[in-house]
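# Inside the fold
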Amino acid sequence: MSSILAMHVAQPSRRDAYLDWLQMLSGAALVLFMWSHMILVSSVIIGPGAMNAIAGFFERTYMAQIGGPLVFAAFLFHFVLAARKVPFRAEKQGVAWAHAKMMHHRDTWLWIVQVVTAMVILIMGAIHMWVVLTSLPISAEKSAARIQGGWWLLFYLVLLPMVELHVSIGFYRIGVKWGVIKADARSGAKKAENILFGVFMVIGLVTLVRFMFLAI
Amino acid sequence: MARLLKLNVFRYNPQDPKSVPHLQTYVLDETDNMTMFIALNRVREEQDPGLQFDFCCRAGICGSCAMVINGRPSLACHTKTKDLPDEITLLPLPVFKLIGDLSVDTGVWFRAMYDKVESWIHTRKEFDPKALEERMDNAVAEQIYELERCIECGCCVAACGTARLRDDFMGAAALNRVARFVVDPRDTRTDKEYFEIIGNDTGIFGCMGLLACEDVCPKDLPLQNQLGYLRRKMGITALKSLFSRK
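All of the points below concern the structure found in this document. Just so it is clear, the model here is predicted, and its values are computed rather than measured. (Residues numbered from 1 in each chain as written. Chains lettered and ligands numbered in written order. Predicted model: local features only at pLDDT ≥ 70, side-chain atom pairs only at ≥ 80, totals over all residues.)

### Here's the deal with the sheet that holds strand E3 (residues 66–69) of chain B
Residue and element names in this part refer to chain B.
- An order of E2-E1-E5-E3-E4 is seen for the five strands of this open sheet, with the pairing classed as mixed. Strands with a single pairing partner mark the edges of an open sheet, and in this sheet they are strand E2 (22–29) and strand E4 (72–75). Each adjacent strand pair in this sheet contributes to an overall mean axis angle of 35°, direction not counted.
- Pairing of E3 with E4, which is carried by four bridges, proceeds in the antiparallel orientation. Residue Val 68 lies in a different strand from E4, and its bridge partner there is Pro 73. (Pairing = 2+ DSSP bridges. Helix = DSSP H or I, 4+ residues; strand = E, 2+ residues; numbered from the N terminus. Axes fitted to C-alpha atoms, helices over the stretch in contact; angles between N-to-C directions.)

Structural data, given as structure tokens:
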């Protein structure tokens, strides 16, 4: 009933506040997941045995079978929430692009980077999760076989920087939006954002190289 | 040897159907301590009396001469030409209604914003003209004054990505205005009442945190911290009402 009334007379609502909380919380959770994910996969650098032991643990505790699809759901949920702010009409996209070009302003560009990477991650991340979750259990040998197959290496060379950019920028932007990062800490936080991006890119690339040369 | 400055100035008169928006170039010799305000006045006096732009105080107090200078919204009177390259492009502030050339109408926008955020002290206390003025803690007074320094130039709104994308977004000037009443002990509005004004996507939850407002504000208002503070405060107000009955 109230929704029918609200069609004609705007009612005060807490909807936007809840959606903003959920966008931030799902984003923060996915940032933490992505960092843990990268660190766990990079265990292959130590040796395939280390990675297989970790993968086996997640398998035995059913965290891969249940947690995997849950992460997929959180990923789609976060996209739907964040997409509320993304301009999908060509007219508004033109305005956003012209604005960023006019301003020469780093944080305005960072937002554009987040929007573009989000679209790439939506498609490539979904493909990655589908491939991994439909061929459980995860093992170092299976992952290495995929990377050594050729096209998948290229796929991950694109997906890796997209994810790391989106995650490190998202981490910084949550901080400034919710006032956790205050004005005097902003330049330090930007440095931290760059360092996080660099560190995880290096870990990711070394992991990919390790998979390339892993004997299957 | 003085530099020759090349000014590319946006020209358009929306009142004239024959007028076509274009950039007109003026060349001007730079003088010591020249500001964009001085440069524009010289162009108007020496080269083109028809050039429209606003100014009043020439000291960063009135907020009239805000315009987009080489991509950044700022005050012409605050901008020294020596900090700029030889070629300078001047555009009117976006978002606001264009009057002509570099002149925009910020007044209507700010007036509507004041109505929306109810920009006055809300109190039921009856005023006693004979009583001594109520004392206020000095730290609180300073905090209010810090936010009251806004000169309503409109730079923060013109620089805001959200304001460019949606016409109904309040912008940092309005949110800063609300923050000013939140800290004022004389205003009796509750968090819930403030929430009704700014607790949605036209208010604080529409802010995407691009922080161009903070970076262009010619008065260096603490906009980043205020926006973060309001988002947390309004977010918590929403959560509180989730756990309390109405």
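### Some thoughts on helix H9 (residues 186–212) of chain A
Residue and element names in this part refer to chain A.
- Taking 1.5 Å per residue, 27 residues should reach 39 Å; H9 reaches 39 Å between its end C-alpha atoms and fits that length.
- Every buried residue of H9 is accounted for by Glu 193, Phe 200, Gly 204, Thr 207, Arg 210 and Phe 211.
- Tucked inside the fold, the buried residues of H9 contact helix H2 (15–41), helix H7 (140–148) and helix H8 (151–177). (Expected span 1.5 Å × (residues − 1). Buried ≥ 20, exposed ≤ 12 C-beta atoms within 10 Å, placed from the backbone. Contact = placed C-beta atoms within 7 Å.)

### Side note on the interface of chain A and chain B
- At the interface, 29 residues of chain A touch 31 residues of chain B.
- Sorting the residues of the side of chain A that touches chain B by element identifies H2, helix H5 (90–103), helix H6 (106–133) and H8 of chain A as the ones contributing at least two each.
- Residue contributions to the side of chain A that touches chain B peak at six residues, all from H5(A).

### Re the packing of helix H4 (residues 63–82) of chain A against H6(A)
Residue and element names in this part refer to chain A.
- For the pair H4 and H6, interaxial distance at closest approach is 11 Å and the crossing angle is 165°. In terms of orientation, H4 and H6 fall into the roughly antiparallel class. For the crossing formed where H4 meets H6, the hand is left-handed. Where H4 abuts H6, its residues Gly 68, Pro 69, Phe 72, Phe 75, Phe 79 and Ala 82 lie against Ala 118, Leu 122, Gly 125, Met 129 and Leu 133. (Parallel < 35°, antiparallel > 145°, perpendicular 65-115°, else oblique. Left-handed = near helix turned anticlockwise from the far one by under 90°.)

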